[in-house]
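Read off the chains here:
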Amino acid sequence: MEHKLHRTGRELACSGAVLEFYRDAMVLPDGQEQTWDYVHHKKGGGACTVPVLPDGRILLIRQFRPAIDRETLELPAGARDSSGEDPAVTAARELEEETGYRPGRMTKLAHILTAVAWCNESTDIYLARDLEKISSQHLDEAEEIELCSMSLDELCSRIFAGEIQDAKTVAGIMAYRSWLAMQEQKSVSGFEMPETLLQKMQRLIKRAHTG
């Protein structure tokens with residue numbers, strides 16, 4: 001499909017360690033021209049995990065974010081080492097570095113685009129299960145992270161109350177909630193419950209006795 005809104009040029013304004021900032025020459029649907037900002041993530045983005053402990057609680061990290069000047073509650077996450085790195089590798093590495101836990105199983109939950117209006121950054125979200133505590137945290141010099149864990153119900157309540165606002169964390173928790181519901185639905189539709197099997201056996205026995 002051809003769109004009336006289109007870009008006619010892109011000029012690099014500034015380059016940082018991870019991000020590049022561009023000025024885009026845009027033509028609007030009515031023919032007007034404007035300059036838009038575009039942010040390019042050199043590594044494409046990162047990955048995060050929803051780490052589920054054996055008791056069902058979800059492992060999270062609490063840290064201070066200077067960009068918004070306050071603490072946030074987040075899922076463990078980080079940027080890829082290179083644009084070609086498997087995001088599953090990124091997710092497992094960041095989980096181990098930030099929490100000291102290594103996942104036994106990982107399941108892809110979602111792929112999100114962080115800010116489609118002005119940035120190409122993406123995040124892959126994985127469910128991490130069968131966690132094994134193998135070490136203490138291995139934090140970068142700029143990281144100051146506190147670990148905590150909460151139930152899924154509590155996390156959903158905090159999201160609905162506006163207490164958790166980090167995009168990848170909201171997306172990850174909601175994706176995990178949907179995944180659990182799907183698994184429960186498959187279990188119910190794919191296998192008969194013990195009560196139903198018992199009822200069938202009782203009917204067969206009754207039919208045999210009555211001829």
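Residues numbered from 1 in each chain as written. Predicted model: local features only at pLDDT ≥ 70, side-chain atom pairs only at ≥ 80, totals over all residues. Heavy atoms only, no water.

1. Observations regarding unusual backbone geometry
With a phi angle near 60 degrees, Asp 69 is a residue other than glycine that sits in the positive phi range. Tracing the backbone through its elements, the reader meets Asp 69 in the loop between β5 (58–65) and β6 (70–74). The exposure class of Asp 69 is exposed, given its relative accessible area of 59%. Even without a glycine there, the phi angle at Asp 130 is positive, about 55 degrees. With respect to the helices and strands, Asp 130 occurs in the loop between β10 (122–129) and β11 (132–133). Judged by its relative accessible area of 47%, Asp 130 is partly exposed. (Helix = DSSP H or I, 4+ residues; strand = E, 2+ residues; numbered from the N terminus. Buried < 20%, exposed > 50% of the residue type's maximum accessible area, 1.4 Å probe, protein only.)

2. Describing helix α1 (residues 87–99)
If you check α1, its first and last C-alpha atoms are 18 Å apart, about what 13 residues at 1.5 Å a residue would give, namely 18 Å. Within α1, the full set of buried residues consists of Pro 87, Thr 90, Ala 91, Ala 92, Arg 93, Glu 94, Leu 95, Glu 98 and Thr 99. Between a side-chain oxygen at the N-terminus of α1 and the backbone nitrogen of Ala 88 the separation is 2.9 Å; the capping residue is Asp 86. At the exit of α1 stands Gly 100, carrying a positive phi of roughly 85 degrees. (Expected span 1.5 Å × (residues − 1). Polar contact = N/O pair within 3.5 Å; in protein donor to acceptor, adjacent residues only side chain to side chain.)

Everything listed here is a matter of coordinates, which is why it stays silent on function.
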